[in-house]
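# Reading the structure
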Amino acid sequence: MKLLYSFCLLLLIAVNSEAQNHPATANYDLKKKRLLIHNSSSYLYNSNQGAIDADSAVVLTCKAYKLPLALAYDEGFNDGSYLIGKDLIEKENIDAAQKLYLKSKGADKVKLALQLGIYYLFKPYAKPEDITNANLYISDAVKVSNQLKIQKWQHESLMLLGKFYFQINNYPESKKCFLQVVNERRKQNDKTALAYALLNQATYQYDLDPEKEKILKEAEALFTTLGLEEKLIETKGKICTIYFWHGKINDAKKILYQNIALMRKIGFRQQQFSETTISYIEGVQFNIKDAFYYALKSVKTMEATKDFTFADIFYMRLGIAYLQMGHTDEAIKMSQKSIEHGQNNFNSGSWYKSFITATASLSLKGKNKEAIEYMNSITSKFDPPNRLDDMLMNYAYANCYWRIKNYVTAEKHFIKAVEAADGIDSPLTFRDVCNTYSSAALFYANRNNLQKTKLYLDKIDAASKKYNKRYDSEAVQMSLYKIDSLNGDFKSALAHHKLYKKFSDSILDYSKNKQIEELRIQYETENKEQKIKQLDKETDLQETALKKSKLLNTVSIWSLVLLVLTIALLYNRYRLKQRTNAELELKEKEINQKNINLRHLLDEKEWLLKEIHHRVKNNLQTVISLLNSQSAYLENDMALSAIKNSQHRIHSMSLIHQKLYNSENIASINMQNYIKELVEYLRESFSLGQRVRFELKIDPLELDVAQAVPLGLILNESITNSIKYAFPDNRTGMIYVTLEPTTEDKYLLTIADNGVGFDANISSKKINSFGLSLIRGLSDDLEASFSMENNNGTILKIEFSKEFPINEKRREFRD
């Protein structure tokens, strides 16, 4: 029996563990999981073009694939076997891990110090105290490992110290740490340890450091000799990045082909990251056909493996490839898929670019007014998340207004786009920035403003020299043609016009390319076939359901027959048992007496429940009194304000328990009376007098306490915010509170004021303030829809459904 119990327990643990894993990592060992983290986070970092740093890309990847963040950094000492304190740190139980660390000794102490150091060093949104804690544990790891004189732990501690120095921008000390480990491992003649040390050394060197490529090449050779394919793919990927940003485009592309072959060899499924990178490189080289082929291939790989984790990126890349070929309808379709995945599933930072691609597609179809309306609908809800997207947004606006000959508005957006471009300083954004400059140059060239045309062409030249990259486009050649024509240099103008035609004809040819059309049709056909298969499955399910329904009908009929027979038999038994009626009446009296006793017990329970509400109310009042006493000893305005806000929140809950205690009905709250008393309490607490008046319109409504408490807290937060911030400088004003039904079972709570309103461009920090976060959280608890808007003041709306209280059901059953 014990053996069976143990087996069931292990099976339950295994099932729960499997449920928590991401499908994309199924059957992956630690090596492949680490490769997935490094491969996808590197792509995520590059695809966001500097909008996020490398460590943030790792954090997002681990979150997306439901993998522990430590996996990206603990390779030297975590091989998947038991590791002291690992479970505690993964569960964020740091206090317990720290207590365990104080008790640990020897190698266990070093292992736990390394894990805690990694936790604090690479913690998302790390604070100064996190860096201090990281330094503390890493220094301890170095100290204890030196005392033990175990070289493995000395090296692991020293490399983590090198990572620490790199994170705090002490580059010389970081290089010293890694160099010391590499030199000592060379003397050991341990090729595996040396290869890992070299990879760590190169990873924590700047891409512009000339030594980085040399170190990576040595690590690549060692991993090849050792047959460690996962590490070889990771190393090659880092070399590929160096080659790309140093202009060795074909060498970078060659490495990507090699990596895809290696991934197939070892059964690593996520090849789409390399395929979409090839698509990007082919696009940079104006190989539009190959760019489209690999963009399409990356989407097919993603759909075949059902790994839609970063789907917004791959659909975005395919949408851009369609746009480059002039297939605007397909570009819009792919962009919409990217936006849908980015908004509803996982946002990797690419869907905003997809909406700009969709805008460009509408513009190319001649639907510029529709494109502008579409952009307005998006930008009114979502501000550009970074400077690059701000530039692309204004770039798209400018081109749309230019095409409808609204030159004044077009110029305004070109100016904004160029201002954003001037503030971007990264080789990752080189092409997008130059596209903005070239389009602005062509705009002014068509307006015969040669001074500004030359200004933006000079900016392109400056960026090309700075990053040692070459940029050319239709817009550049047409701008140069316009300048030379207006200056009378017709020979040079003709040369530039020929180059312009070459660009134009190339894109036109690709848009008509039969092979590309076949690829597109093949992709759409496969999608349709998948839909047909899905419909077939649904049909089979419907047939199965129909068969079950017929079987159920048959069973029901026979059950009815049996029921009739049973009733007949029961009737017969009834006739036979008429003699025992006296005994039955006696039993009935006994049952009635028991029912009376049960009702008495039920009444006692209701009395106890009221007493509980009374005591909860008294305890909450005691907390309010304690907070009030504490505030007498505080001089800090923020602390006083926090205590006052807490008192108001507690009072809103206390008022509910008071009403439940005083009411005959302990199952629900009369919201009309409750809101009036809560508003009156807040009016008196803030000593408003007649400066701020209230207008209440509350429909009669009884709510269960589970709904009344969140609504009371929402009312408290909203009204308090209006009192504090809506009427600055002692202005007078009105606060309106309405609660009214919208449908048969839905109610709408509205809190509005005629004050100054809130800033439409409010920062993310403000949006995440505690009060507003509390309102959002409480709205989610109510499964309510929440909205906030400016309309002659601030308006908050909470729409929720009325729940049927359990006590009310019980009362109806009893009656």
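Residues numbered from 1 in each chain as written. Predicted model: local features only at pLDDT ≥ 70, side-chain atom pairs only at ≥ 80, totals over all residues. Heavy atoms only, no water.

When its secondary structure is counted, the chain shows 33 helices and seven strands. Across the 815 residues that make up the chain, the buried fraction comes to 43%. When contacts within the chain are restricted to residue pairs at least 6 apart in sequence, those whose partners lie at least 24 apart make up 65%. Carbon and sulfur atoms make up 54% of the accessible area of the chain, which amounts to about 44900 Å² in all. (Helix = DSSP H or I, 4+ residues; strand = E, 2+ residues; numbered from the N terminus. Buried < 20%, exposed > 50% of the residue type's maximum accessible area, 1.4 Å probe, protein only. Contact = heavy atoms within 4.5 Å. Areas by Shrake-Rupley, 256 points an atom, 1.4 Å probe, with all protein chains shown as cover.)

Considering the arrangement of structural elements, one finds Ile138 in helix α7 (residues 128-148). Sequence separation of Ile138 and Leu158 is 20 residues, and the distance between their C-alpha atoms is 8.4 Å. Residues within four places of Ile138 in sequence aside, it is in contact with Gly117, Leu121, Ser157, Leu160, Leu161 and Phe164.

Moving on, we get to helix α5 (residues 94-103). Of all the residues in α5, the buried ones are Ile94, Ala97 and Tyr101. Down the axis of α5, the buried set is contained in an arc of 55 degrees. They therefore lie on one face. Seen from the open side of α5, the exposed residues pointing more than 90 degrees away from its buried face are Asp95, Lys99, Leu102 and Lys103. Where α5 is buried, its residues touch α4 (86-90), α6 (106-121) and α7. (Arc of directions from axis to C-beta.)

It is worth spelling out the side chain of Gln271 at this point. Mapped onto the secondary structure, Gln271 falls in the loop between α13 (249-266) and α14 (272-284). Classification of Gln271 as buried rests on a relative accessible area of 12%. Separated by 3.3 Å, the side chain of Gln271 and the backbone oxygen of Phe268 make a polar contact. Those residues in contact with Gln271 that lie beyond four places of it in its chain are Ile260, Met263, Arg264 and Thr301. (Polar contact = N/O pair within 3.5 Å; in protein donor to acceptor, adjacent residues only side chain to side chain.)

For Glu783, which is not a glycine, the phi torsion comes out positive at approximately 55 degrees. For Glu783, the position within the fold is in the loop between α32 (770-781) and β6 (785-790). Given a relative accessible area of 73%, Glu783 falls into the exposed group. Although it is not a glycine, Asn792 adopts a positive phi angle of roughly 55 degrees. Its relative accessible area of 67% is what places Asn792 among the exposed residues.

On to the packing of α6 against α7, then. With their axes 8 Å apart at the nearest point, α6 and α7 run at an angle of 155 degrees to one another. Considered as vectors, α6 and α7 are oriented roughly antiparallel to each other. The handedness of the crossing between α6 and α7 comes out as left-handed. Listed contacts from α7 to Gly106, Ala107, Lys109, Val110, Ala113, Leu114, Leu116, Gly117, Tyr120 and Leu121 of α6 are Asp130, Asn133, Ala134, Tyr137, Ile138, Ala141, Val144, Ser145 and Leu148. For the contact of α6 with α7, a count of residues per class yields 13 nonpolar, four polar and two charged. (Axes fitted to C-alpha atoms, helices over the stretch in contact; angles between N-to-C directions. Parallel < 35°, antiparallel > 145°, perpendicular 65-115°, else oblique. Left-handed = near helix turned anticlockwise from the far one by under 90°. Nonpolar A, V, L, I, M, F, W, Y, C, P; charged D, E, K, R; others polar.)

Relative to the helices and strands, Thr379 resides in helix α19 (residues 368-379). Under the relative-accessibility criterion, Thr379 is labelled buried at 16%. Counting along the chain gives 27 residues from Thr379 to Tyr352, while the straight-line C-alpha distance between them is 9.8 Å. Among all residues touching Thr379, those that are not within four sequence positions of it are Tyr352, Phe355, Met393 and Tyr397. From its side chain, Thr379 meets the backbone oxygen of Met375 in a polar contact 2.8 Å long. A distance of 3.3 Å separates a polar atom in the side chain of Thr379 from a polar atom in the side chain of Tyr397.

Take the pattern of salt bridges next. In total, this model carries 22 salt bridges according to the counting rule given. Between Lys32 and Glu230 there is a salt bridge, with the nearest N and O atoms lying 3.5 Å from each other. With Lys32 in helix α2 (residues 30-47) and Glu230 in helix α12 (residues 229-245), this residue pair connects regions lying 198 residues apart in the sequence. Both residues of the pair, Lys32 and Glu230, count as buried. (Salt bridge = Lys/Arg side-chain N within 4 Å of Asp/Glu carboxyl O.)

Turning our attention to the side chain of Thr328. Within the secondary structure, Thr328 sits in helix α17 (residues 328-344). Beyond its immediate stretch of four places on either side in the chain, Thr328 contacts Ser361, Leu364 and Lys365.

Reading across from one edge, β2-β4-β5-β7-β6 is the order of the five strands in this open sheet, with mixed pairing throughout. For this open sheet the edge positions go to β2 (692-698) and β6, each flanked by a neighbour on one side alone. The average undirected angle you get between the axes of adjacent strands in this sheet is 10 degrees. Taken together, the seven bridges between strand β4 (residues 733-741) and strand β5 (residues 746-753) define a ladder with antiparallel strand orientation. Bridge assignment links Pro741 to a residue of β5, and that residue is Tyr747. Across the sheet, helix α29 (residues 671-685) is in contact with β2 and β4; its angle to β2 comes to roughly 175 degrees. Relative to the sheet, α32 contacts β6 and β7 (794-801), its axis offset from that of β6 by approximately 145 degrees. (Pairing = 2+ DSSP bridges.)

Turning next to the confidence of the model for the chain. Summary statistics for the chain give a mean pLDDT of 79 and a share of 80% for residues scoring 70 or more. Within the chain, the lowest mean pLDDT, 37, falls on helix α1 (residues 2-20), and the highest, 93, falls on β4. Low pLDDT (under 50) marks residues 1-19, which in the prediction has zero contacts with non-local residues, meaning those over four places away or in another chain. (pLDDT = per-residue confidence, 0-100.)

This next bit is on the nonpolar core. Of all hydrophobic cores here, the largest spans 103 residues; its most connected members are Leu116, Phe310 and Leu318. In terms of nonpolar packing, the next biggest core, distinct from the first, is built from 45 residues, Val418, Ala421, Ala441 and Leu457 among them. (Core = buried A, V, L, I, M, F, W, Y, C linked by side-chain atoms within 4.5 Å.)

Working definition: an aromatic ring pair is given by the centre-to-centre distance plus the angle between the planes. Tallied over the full model, the rule gives 29 aromatic pairs. Members of the aromatic cluster, connected to one another through ring pairs, are Trp402, Phe414, Tyr437, Phe443, Tyr444 and Tyr456. Lys152 extends its terminal NZ or CZ atom over the ring of Trp153, reaching a point 5.1 Å from the ring centre. In this arrangement the basic side chain of Arg447 is found over the ring face of Tyr407, its NZ or CZ atom lying 4.2 Å from the centre. (Phe/Tyr/Trp six-rings, centres within 6.5 Å; stacked < 30°, edge-to-face > 60°. Lys NZ or Arg CZ within 6 Å of the ring centre and 35° of its normal.)

What follows is about a nonpolar patch on the surface. Among the surface-exposed residues, Ile557, Trp558, Val561, Leu562 and Leu565 lie close enough to one another that they form a single nonpolar patch of about 550 Å² accessible area. Inspection of the secondary structure puts Leu565 in helix α26 (residues 514-576). (Patch = residues over 30% accessible without salt bridge, like charges linked within 9 Å, V, L, I, M, F, W, Y side chains within 5 Å.)

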